[in-house]
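# Observations on the three-dimensional arrangement
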Amino acid sequence: MSTRINLYPALFGEAPKTLLESEQFSVSASVYPSGVLALEMSNSRGKLVVLPYQGQMIWDAVFDGCDLTMSNLFSQPRPSPTVIGTYGCFMFHSGLLRNGCPTPEDDHPLHGEMPCAAMDRAWLEVGEDSAGAFLRLGGEYEYAQGFGDRYLASPSVTLRADSGLFDIAMHVTNLAGKPMDLMYMAHMNYAYVEGARFVEPLGFEQVRLRSSVPAHVKPTPVWSRYMEQLALEPEQFRCLDRPELYDPEIVFFFDGVHADANGDAHFLLSHPDGAAFYTRYRPDQFDHAARWILHNADQQVAAFILPATCEPEGYRAESAKGHVRALAAGETASFKVTTGYLNKAEQQALIR
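Note that this is a predicted model, so its numbers are computed, not measured. (Residues numbered from 1 in each chain as written. Predicted model: local features only at pLDDT ≥ 70, side-chain atom pairs only at ≥ 80, totals over all residues. Heavy atoms only, no water.)

### Looking at the overall build of the protein
Per the secondary structure count, the protein includes 3 helices and 22 strands. On C-alpha atoms alone, the protein measures out to a radius of gyration of 20 Å, which is about the 20 Å that the 2.2 N^0.38 rule sets for 352 residues. Seen through its principal axes, the protein has C-alpha atoms that stretch 55 × 55 × 45 Å. Taken over 352 residues, the protein has a buried fraction of 57%. Once local pairs closer than 6 in sequence are excluded, the contacts in the protein between residues at least 24 apart make up 63%. Summed over all atoms, the accessible surface of the protein reaches about 14900 Å², with 50% contributed by carbon and sulfur. (Helix = DSSP H or I, 4+ residues; strand = E, 2+ residues; numbered from the N terminus. Rg over C-alpha atoms; globule rule 2.2 N^0.38 Å. Buried < 20%, exposed > 50% of the residue type's maximum accessible area, 1.4 Å probe, protein only. Contact = heavy atoms within 4.5 Å. Areas by Shrake-Rupley, 256 points an atom, 1.4 Å probe, with all protein chains shown as cover.)

### Quick look at the side chain of Thr-173
With respect to the secondary-structure elements, Thr-173 resides in strand β12 (residues 165–174). Reaching out from Thr-173, the side chain makes a polar contact with the side chain of Thr-332 at a distance of 2.7 Å. If sequence neighbours within four positions are ignored, Thr-173 has contacts with Arg-150, Tyr-151, Leu-152, Gly-330, Glu-331 and Thr-332. (Polar contact = N/O pair within 3.5 Å; in protein donor to acceptor, adjacent residues only side chain to side chain.)

### Notes on the packing of aromatic side chains
Summed over the entire model, instances satisfying the criterion amount to 21 aromatic pairs. Consider the rings of Phe-63 and Phe-166, whose centres lie 5.7 Å apart with planes at 20°: the pair is stacked. Of this pair, Phe-63 sits in strand β6 (residues 57–63) while Phe-166 is found in strand β12, placing the two residues 103 residues apart along the sequence. You can call Phe-63 buried: its relative accessible area is 0%. Looking at Phe-166, the relative accessible area reads 1%, which means it is buried. Against the face of Phe-134 rests Arg-136, its NZ or CZ located 4.4 Å from the ring centre. Positioned over the ring face of Phe-198 is Arg-291, at 4.0 Å from the centre of the ring. (Phe/Tyr/Trp six-rings, centres within 6.5 Å; stacked < 30°, edge-to-face > 60°. Lys NZ or Arg CZ within 6 Å of the ring centre and 35° of its normal.)

### Brief notes about helix α1 (residues 221–232)
The first and last C-alpha atoms of α1 sit 17 Å apart over 12 residues, in line with the 16 Å expected at 1.5 Å per residue. Looking only at α1, the buried set comprises Trp-223, Tyr-226, Met-227 and Leu-230. The buried residues of α1 all sit within an arc of 105° when viewed along its axis, so they share a single face. In α1, those exposed residues whose orientation departs by more than 90 degrees from the buried face are Pro-221, Glu-228 and Leu-232. Close packing links the buried residues of α1 with β15 (204–209) and β16 (250–257). (Expected span 1.5 Å × (residues − 1). Arc of directions from axis to C-beta.)

### Structural notes on the pattern of salt bridges
Per the counting criterion, the structure on display carries 18 salt bridges. The residue Glu-142 makes a salt bridge to Arg-150 at a minimum N-O spacing of 2.9 Å. With relative accessibility at 34%, the residue Glu-142 sits in the partly exposed group. The partner of Arg-325 in a salt bridge is Asp-287, with the nearest N and O atoms 3.5 Å apart. Here Arg-325, found in strand β21 (residues 325–327), pairs with Asp-287, found in the loop between β18 (276–281) and β19 (288–295); they are 38 residues apart in sequence, far enough to count as distant. (Salt bridge = Lys/Arg side-chain N within 4 Å of Asp/Glu carboxyl O.)

### Some details on the pairing of strand β9 (residues 121–129)
If a strand is regular, its side chains alternate between the two faces of the sheet. Alignment of strand β1 (residues 2–6) against β9, held across 5 bridges, turns out to be antiparallel. Looking at β9, one finds that Ser-2 is bridged to Gly-127. Bridge count for β9 against strand β10 (residues 132–144) is 9 bridges, and the pairing is antiparallel. Bridge pairing links Val-126 to Leu-135 in β10. Here β9 hands over to β10 after 2 residues, the two strands then running antiparallel side by side. (Pairing = 2+ DSSP bridges.)

### A few points about unusual backbone geometry
Geometrically, the link from Gly-95 to Leu-96 is a cis peptide bond, its omega value of 5° lying close to zero. With respect to the helices and strands, Leu-96 occurs in strand β8 (residues 91–96). Omega for the bond connecting Asp-247 with Pro-248 falls within 30 degrees of zero, at 5°, which places this linkage in the cis form. Inspection of the secondary structure assignment puts Pro-248 in the loop between α1 and β16.

### Here we look at the environment of Ser-75
Mapped onto the secondary structure, Ser-75 falls in the loop between β7 (66–67) and β8. Judged by its relative accessible area of 74%, Ser-75 falls in the exposed class. Considered as a pair, Ser-75 and Val-27 are 48 residues apart in the sequence and their alpha carbons are 22 Å apart.

### So, the nonpolar core
Membership of the largest hydrophobic core comes to 83 residues, with the highest contact counts inside it found for Tyr-151, Phe-166, Phe-237, Leu-240, Ile-250 and Phe-277. Discounting residues that sit within four places of it in the chain, Leu-240 has contacts with Tyr-192, Val-193, Glu-194, Gly-195, Ala-196, Phe-198, Tyr-246, Leu-269, Ile-293 and Ala-302. Core analysis: the second largest hydrophobic core is formed by 23 residues, Leu-51, Val-83, Tyr-87 and Ala-308 among them. (Core = buried A, V, L, I, M, F, W, Y, C linked by side-chain atoms within 4.5 Å.)

### What about the sheet that holds β1?
Taken in spatial order, the 9 strands of this open sheet run β1-β9-β10-β11-β12-β22-β18-β17-β14, and their pairing is antiparallel. What marks the edges here is a single partner per strand, and that holds for β1 and β14 (197–199). The mean inter-strand angle of the sheet, taken between neighbouring strand axes irrespective of direction, is 15°. With 9 bridges joining them, β10 and strand β11 (residues 150–160) adopt antiparallel strand pairing. In the sheet register, Ala-144 faces β11, and the bridge partner there is Arg-150. (Axes fitted to C-alpha atoms, helices over the stretch in contact; angles between N-to-C directions.)

So, in structure tokens, the structure goes:
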């Protein structure tokens, strides 16, 4: 059972305005100096700052005093038609018709049309289900092009009481009378933690180093030599301990990710202090996954797992590999990840 509160832009002003307050949760609305509308969703452990009308992007995430978000160039989100103009968020929905880094033969923007989509509707839900009390932000975006595709995207983010974990979901319905291409990635840009270790409790069949070099990557001789080593032994990259080699970026692809009896795969970035960043997802929803590491003076990110329906190599490359899904007329595809922060005791309990 839940209660729904519809949102509208007039609720958002320069000064934060409390929209909801309960024993478990609070929600406030505000506007950044840039003009971007923001919603702060809090529980006893921390907060999420979400942009309800700009692709439902999660701009910031902080739990138990730990900032989960990549270091970046942006002090605030900016109004932008593409993600490259405001690349400083914790999470964005990458896709949906096109995804990844475009090649010279592609005509789509980096990571597609959804990351900064102008959402048509947004609402809050507060209630209780079998997992306990929850606070959810929902929204809808209808994409339509004359003589082209038409779909309804319904993203949501769900916060639980007394938890550093939260759910990110996306439902996509093809509203057109013909099949549509579908390329989707849950793009979570986690903070770089020096000395942190990659942990995959259930393992995978294979990890591969990305062999292509996107246009935004400018190789150096040192980086190129390191890439030659990693290409031969990609499994040697287990710890964030050589930041001078992570510029330009390093990207890995996972094959055959193993799931537990519930169908969930588990990935962690385990911190030296015993805490961890954590993500679980269903490989039957996301049959691909990537890892993205970057460390330079302007940006530091350890995106330890990026679940996806394809690799992030652009439309033409993924289409040639057979990785672009077709969503039939009227069909809906659903995706969900659970992600966030585990304290030391929670990580130990999960591993056990």
